[in-house]
Amino acid sequence: MASGIEIRAAHFPGRPPIDAYGNGGFRFADMSHRGSILCLPSGVHEWDVTEGQPLTVGLFQRVLAEAKDIEFLLVGTGPSIRYLPADLKAALRATNISSDPMSTGAAVRTYNVMLSESRAVAAALIAVEG
């Protein structure tokens, strides 16, 4: 018999629209999450990335693992746009994922529109303060 509390990575098994963002997190499906998130076909996952952190291929492994169900990846890079490194763009392109970096606010709005259109979209959203 296990003793104590088991802590697991945050995961919501659905594709809800994002209701709000800011103050270091996101609201969706009548819940809130503090920190960055990945919105994938398998659901919403916590994403251990902070504003200004280098974006590496390793941070996108979960996205690449679900590549067969993703055509477009919106990358919310924080309060302003930050371009994706060439090796990351190449890794995404190799799995037929088109990527588009933009501010987190623009990525949330675009994700919600594309989700409502039943598009094969995913989003990697870096949490912003304010």
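Relevant structure appears above.
In this report, the structure presented in the accompanying data block is examined. (Residues numbered from 1 in each chain as written. Predicted model: local features only at pLDDT ≥ 70, side-chain atom pairs only at ≥ 80, totals over all residues. Heavy atoms only, no water.)

1. Quick notes on the sheet that holds strand E3 (residues 25-28)
In a beta sheet, neighbouring strands are held together by backbone hydrogen bonds and run either parallel or antiparallel to one another.
Part 1 of the argument: Strand order in the open sheet made by the three strands is E2-E3-E4, with antiparallel pairing throughout. With partners counted over all chains shown, the strands left at the sheet margins are strand E2 (18-22) and strand E4 (31-34), one partner each. Pairs of neighbouring strands in the sheet enclose a mean axial angle of 15 degrees, with direction left out of account. (Pairing = 2+ DSSP bridges. Helix = DSSP H or I, 4+ residues; strand = E, 2+ residues; numbered from the N terminus. Axes fitted to C-alpha atoms, helices over the stretch in contact; angles between N-to-C directions.)

2. Section: the environment of Asn112
Part 1 of the argument: Checked against the element boundaries, Asn112 lands in helix H3 (residues 104-116).
Part 2 of the argument: Sequence separation between Asn112 and Pro16 is 96 residues; the distance between their C-alpha atoms is 8.6 Å.
Part 3 of the argument: The contacts of Asn112, once residues within four sequence positions are left out, are Pro17 and Ile18.
Part 4 of the argument: In terms of polar contacts, Asn112 uses its side chain to reach the backbone carbonyl oxygen of Ile18, at 2.9 Å. (Contact = heavy atoms within 4.5 Å. Polar contact = N/O pair within 3.5 Å; in protein donor to acceptor, adjacent residues only side chain to side chain.)

3. Examining the nonpolar core
Part 1 of the argument: In terms of nonpolar packing, the biggest core is built from 20 residues, with Leu55, Phe60, Val63 and Leu73 touching the most fellow members.
Part 2 of the argument: For this core, the secondary structure elements donating two or more residues are strand E5 (36-40), helix H1 (61-65), strand E7 (72-76), helix H2 (86-94) and strand E9 (121-125).
Part 3 of the argument: Those residues in contact with Leu73 that sit more than four places away from it in its chain are Phe60, Val63, Leu92, Ile97, Ser98, Ser99, Asp100, Ala122, Ala123 and Ala124.
Part 4 of the argument: Core analysis: the second largest hydrophobic core is formed by 17 residues, Phe26, Leu115, Val121 and Leu125 among them. (Core = buried A, V, L, I, M, F, W, Y, C linked by side-chain atoms within 4.5 Å. Buried < 20%, exposed > 50% of the residue type's maximum accessible area, 1.4 Å probe, protein only.)

4. Section: the pattern of salt bridges
Part 1 of the argument: Within the structure shown, the criterion is met by two salt bridges.
Part 2 of the argument: A salt bridge links Asp69 to Lys68, with the shortest nitrogen-to-oxygen separation between them at 3.0 Å.
Part 3 of the argument: Asp69 sits in the partly exposed class, given a relative accessible area of 37%.
Part 4 of the argument: What makes Lys68 exposed here is its relative accessible area of 74%.
Part 5 of the argument: Its salt-bridge partner being Arg119, residue Glu117 comes within 3.3 Å of it at the nearest N-O pair.
Part 6 of the argument: What makes Glu117 partly exposed here is its relative accessible area of 45%. (Salt bridge = Lys/Arg side-chain N within 4 Å of Asp/Glu carboxyl O.)

5. Quick notes on H2
Part 1 of the argument: Leu88, Ala91 and Leu92 are the residues of H2 that are buried. Buried residues of H2, seen end-on, are gathered within an arc of 95 degrees and therefore sit on one face of the element. With respect to the buried face of H2, the exposed residues turned more than 90 degrees away are Ala86, Arg93 and Ala94.
Part 2 of the argument: Where H2 is buried, its residues touch H1, E7 and strand E8 (98-102).
Part 3 of the argument: Once H2 ends, the next one or two residues include Asn96, with phi positive near 65 degrees. (Arc of directions from axis to C-beta.)

6. Considerations on the side chain of Ser36
Part 1 of the argument: Among the structural elements, Ser36 can be located in strand E5.
Part 2 of the argument: Polar side-chain contacts of Ser36 include one of 2.6 Å to the backbone oxygen of Val49.
Part 3 of the argument: Side-chain polar atoms of Ser36 contact the backbone nitrogen of Ala127, separated by 3.0 Å.
Part 4 of the argument: Setting aside anything within four residues of it in sequence, one finds Ser36 in contact with Phe26, His45, Glu46, Trp47, Val49, Leu125, Ile126 and Ala127.

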